[in-house]
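# Report on the structure
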Amino acid sequence: MLLQQVHIENFSELKDIRIENATFTAIEAHLEPQAGEEVIDLAGKLVIPPFVDPHVHLDSTMTAGDPEWNESGTLFDGIRIWSERKKTLTHADVKQRAIAALRLQASNGLQFVRSHVDVTDPDLTALKALIEVREEVKDWMTLQLVAFPQEGILSFPHGKELMIEVAELGVDAIGAIPHFEFTREYSVESLHFAFEVAQKYNLLIDAHTDEIDDPASRGLETMATLALESGLKEKVTASHTTAMGSYNDAYVYKLMRLLKMSDINFVANPLINMYLGGRFDTYPKRRGLTRVKELDANGINVAFGEDDIKDPWYPMGNGNMLDSLHMGLHATQIMGYSEILNSYRFITHNGAKVMHVTDQYGIEVGKPANLLVFNAPDFYTTLNERDEMLYSIHNGHILVSTKPAKKYLHF
Ligand code: 17E
Ligand code: FE2
């Protein structure tokens, strides 16, 4: 296949891209079509690598309103409502909803997704279903699963045993929820335990960390210290870290040195952080996001996730990473022109780094032929105008194509 005349990642000069045997084989200013080669003339369209969602919950997706809507909009009501819905989960129910959400995500250009899966369930219904889903979708979606102890490791009956059981069942990453544990001591111990399990089973770590507007919630410093001292470093991801939006500047100054030394990744979930955050404030009202701009300026990897698609923690969600990004740029004020132009990295390259898939990711000769084409010349225009995704190409095959709708003005 030959894609003609595209702007790769906003690059002003136009390039042709050749794909053979599921791989990029040439990227040049001009390539002559070969006999029998499929040619797509893209005349000045934007090409970027596929979208990555490094943080979503596919076990709870599409359950919003069942058994009740989260009317308060707090994290804690979300956990309460989900713990009711969890009692009625079946294998088929989880698979059907998860695959529907993944198809929606794929239709919007996602090719890499990391799902947290609640494992505070003695039957592990959701995890067993999602392990099957991971296999069933692998031709069109790279899916990673995180063992997420929603109700705590130390604070849930047999929480530690469950984490070991799921490590043996075959997850990609170990999670934790330090801010939800009963005490600070449990919080610290849960993180030590998560690191021990990850090391023993050679897994990545991705913990919901300090997802609370409480400046005293300091799981992050423990995570970063363990990452540094264990050597797990960039295999570790701190998700949410919204308490950092409430930490004082003197503490963050000190913390930043440790964060840089630790090489850990961050995932912010702008839609959900804005929705759940600040719920106990009157005014001034906090935005509930971590310090994305400052972390990024310090060279620390930050990606954006979608977190929820219609579940007890968020009534909306459509599987489109452009929504997360749009909200994230506003909430963190990363909105200089070149910042907007280059902001696709929060939902592409930075997420690929979180998921440890960079060896198979990016538009370079020799890499798997995965890319998106948008109906605009650059990413600033794409994000602002929500121009159509014309193609999602995966391993050299067209996974999704879109015919732009035509609008008529009758005046
Ligand atoms: N569970 C949790 O603890 N936090 C979240 N943001 C979601 C589930 C979605
Ligand atoms: Fe989450």
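In the block above lies the structure referred to throughout.
On a predicted model such as this, the values are computed, not experimentally measured, just so you know.

## Comments concerning the site of ligand 1
The environment of ligand 1 is made up of His57, Leu75, Phe148, Gln150, Ile177, His208, Glu211, His240, Ile272, Asp307, Asp308 and Trp313. Separating a nitrogen atom of ligand 1 from a side-chain N or O atom of glutamine 150 is a distance of 2.7 Å. Within the side chain of glutamate 211, a nitrogen or oxygen atom sits 2.7 Å from a nitrogen atom of ligand 1.

## Let's talk about the coordination of the iron ion (ligand 2)
Here the iron ion (ligand 2) is held by His55 (NE2), His57 (NE2), His208 (NE2) and Asp307 (OD), and the distances to it run 2.1 to 2.3 Å. Here the iron ion (ligand 2) is ringed by 4 donor atoms whose angles at the metal span 85 to 176 degrees, and the overall shape comes out irregular. In this structure histidine 208 comes out as buried when scored by relative accessible area, which is 2%.

## Focus: the pattern of salt bridges
Applying the stated criterion across every chain, the model contains 21 salt bridges. Where arginine 80 meets glutamate 68, a salt bridge forms, and the shortest distance between an N and an O atom there is 3.2 Å. Of this pair, arginine 80 sits in helix H1 (residues 75-86) while glutamate 68 sits in the loop between strand E5 (51-57) and H1; the two residues are 12 residues apart in sequence, bridging distant segments of the chain. Note that lysine 95 is salt-bridged to glutamate 132, the shortest N-O span being 2.7 Å. Here glutamate 132 lies in helix H3 (residues 125-136) and lysine 95 lies in helix H2 (residues 91-107), a separation of 37 residues in the sequence. Given a relative accessible area of 16%, lysine 95 falls into the buried group. The exposure class of glutamate 132 is partly exposed, given its relative accessible area of 35%.

## Looking at the pairing of strand E4 (residues 39-48)
By the bridge criterion, 6 bridges tie strand E1 (residues 2-8) to E4 in an arrangement that is parallel. Each bridged residue has a counterpart across the sheet, and for leucine 3 the counterpart in E4 is isoleucine 40.

## Observations concerning the pairing of strand E9 (residues 204-209)
Within E9, 6 of the 6 residues are buried, which leaves it mostly tucked inside the rest of the structure. Neither face of E9 is exposed, since Leu204, Asp206 and His208 on one face and Ile205, Ala207 and Thr209 on the opposite face are all buried. Judged from the 2 bridges that link them, strand E8 (residues 173-174) and E9 form a sheet pairing that is parallel. In the strand pairing of E9, isoleucine 174 is matched with isoleucine 205. Note on the crossover from E8 through helix H5 (residues 184-201) to E9: the handedness is right-handed. Here E9 runs beside strand E10 (residues 236-240); their pairing, made up of 5 bridges, is parallel. What sits directly across from threonine 209, in E10, is histidine 240.

## Description of the side chain of serine 262
Of note, serine 262 is situated in helix H7 (residues 249-262). By relative accessible area, which is 0% here, serine 262 ends up buried. Reaching out from serine 262, the side chain makes a polar contact with the backbone oxygen of leucine 259 at a distance of 2.9 Å.

## A word on the environment of alanine 176
In this structure, alanine 176 sits in the loop between E8 and H5. Residues alanine 176 and glutamate 37, spaced 139 residues apart in sequence, show a C-alpha to C-alpha distance of 50 Å. Beyond its immediate sequence surroundings of up to four residues, alanine 176 is in contact with Phe148, Pro149, Ile153, Leu191, Ala194, Asp206, Ala207 and His208.

## Overview of helix H4 (residues 159-169)
Turn by turn, an α-helix covers 3.6 residues, leaving residues three or four places apart pointing in a common direction. Taken residue by residue, H4 has Gly159, Leu162, Met163, Val166 and Ala167 as its buried positions. Looking straight down H4, one finds that the buried residues subtend no more than 140 degrees of arc, so they occupy a single side. If you follow the buried residues of H4, they end up packed against H3, strand E7 (142-148), E8 and H5. Glycine 170 sits one or two positions beyond H4 and adopts a positive phi of about 115 degrees.

## Details of the packing of aromatic side chains
Following the criterion strictly, the structure yields 11 aromatic pairs and no others. Between the aromatic rings of phenylalanine 76 and phenylalanine 280, the centroid separation amounts to 6.5 Å while the plane-to-plane angle is 50 degrees, which identifies the pairing as tilted. Of the two residues, phenylalanine 76 is situated in helix H1 and phenylalanine 280 in the loop between helix H8 (270-276) and helix H9 (292-297); the sequence distance between them amounts to 204 residues. Within the aromatic cluster, the residues linked to one another by ring pairs are Phe76, Phe180 and Phe280. The aromatic ring of tyrosine 275 is capped on one face by arginine 279, whose charged end is 4.8 Å from the ring centroid. Between lysine 285 and the ring centre of tyrosine 283, over which it is positioned, the NZ or CZ distance is 5.7 Å.

## Overview of the sheet that holds strand E12 (residues 302-304)
Overall, parallel pairing links the 8 strands, which are arranged E5-E6-E7-E8-E9-E10-E11-E12 in an open sheet. Either end of the sheet is taken by a strand with one partner, and the two such strands are E5 and E12. Summarising the sheet, E5 and strand E6 (residues 110-118) pair through 5 bridges and their orientation is parallel. Residue valine 52 lies in a different strand from E6, and its bridge partner there is phenylalanine 112. Sheet strands touched by helix H10 (residues 321-332): E5, E6 and E12. Its angle to E12, the strand with the most contacts, is close to 125 degrees.

Analysis parameters
- Positions within a chain are numbered from 1, following the residues in the order the chain's sequence is written.
- Chain labels run from A onward and ligand labels from 1 onward, assigned in the order the entries are written.
- For this predicted model, a pLDDT threshold of at least 70 governs which residues receive local features, and a threshold of 80 or more governs which side-chain atom pairs are given and counted, while totals over whole chains, interfaces and linings are taken from all residues.
- With hydrogens and water stripped out, all remaining heavy atoms of the structure feed into the side-chain values.
- Residues are counted as near a molecule or strand when any one of their heavy atoms sits within 4 Å of it.
- Counting of polar contacts relies on pairs of N or O atoms within 3.5 Å, with two restrictions inside protein: one atom must be capable of donating a hydrogen and the other of accepting it, and residues adjacent in sequence are counted only when both atoms are side-chain atoms.
- For Na, K and Ca the donor cut-off is 3.2 Å, while for other metals it is 2.8 Å, and in both cases only N, O and S atoms qualify; water is not among them, so sites may look incomplete.
- In short, tetrahedral needs four donors with all angles between 85 and 135 degrees, square planar needs four and octahedral six donors with opposite donors over 155 degrees apart and all other angles between 65 and 115, and whatever is left is irregular.
- Under the scheme applied here, a residue whose accessible area is under 20% of the maximum for its type counts as buried, over 50% as exposed, and between as partly exposed, the area being computed with a 1.4 Å probe on protein chains only.
- By definition here, a salt bridge exists when the distance from a side-chain nitrogen of Lys or Arg to a carboxyl oxygen of Asp or Glu is within 4 Å.
- Here a strand is any run of E in DSSP of at least two residues, a helix any run of H or I of at least four, and the numbering for each starts at the N terminus.
- Paired strands, as defined in this entry, are two strands with at least two bridges between them according to DSSP.
- Seen with its strands pointing away from the viewer, a crossover is right-handed when the path leading from the first strand over the helix to the second is clockwise.
- Whether two residues are in contact is decided by their heavy atoms: any pair within 4.5 Å suffices.
- Regarding the arc, it is the one traced by the directions from the helix axis to the C-beta atoms.
- Two aromatic rings, drawn from Phe, Tyr or Trp (for Trp, its six-membered ring), form a pair once their centres lie within 6.5 Å of each other, and the interplanar angle then sorts them: stacked below 30 degrees, edge-to-face above 60, tilted otherwise.
- Remark: a charge is flagged as sitting over a ring if the NZ atom of Lys or the CZ atom of Arg is within 6 Å of the ring centre and within 35 degrees of the ring normal.
- Axis lines are fitted through C-alpha atoms, for helices just across the contact stretch, and the angle between N-to-C directions can take any value from 0 to 180 degrees.

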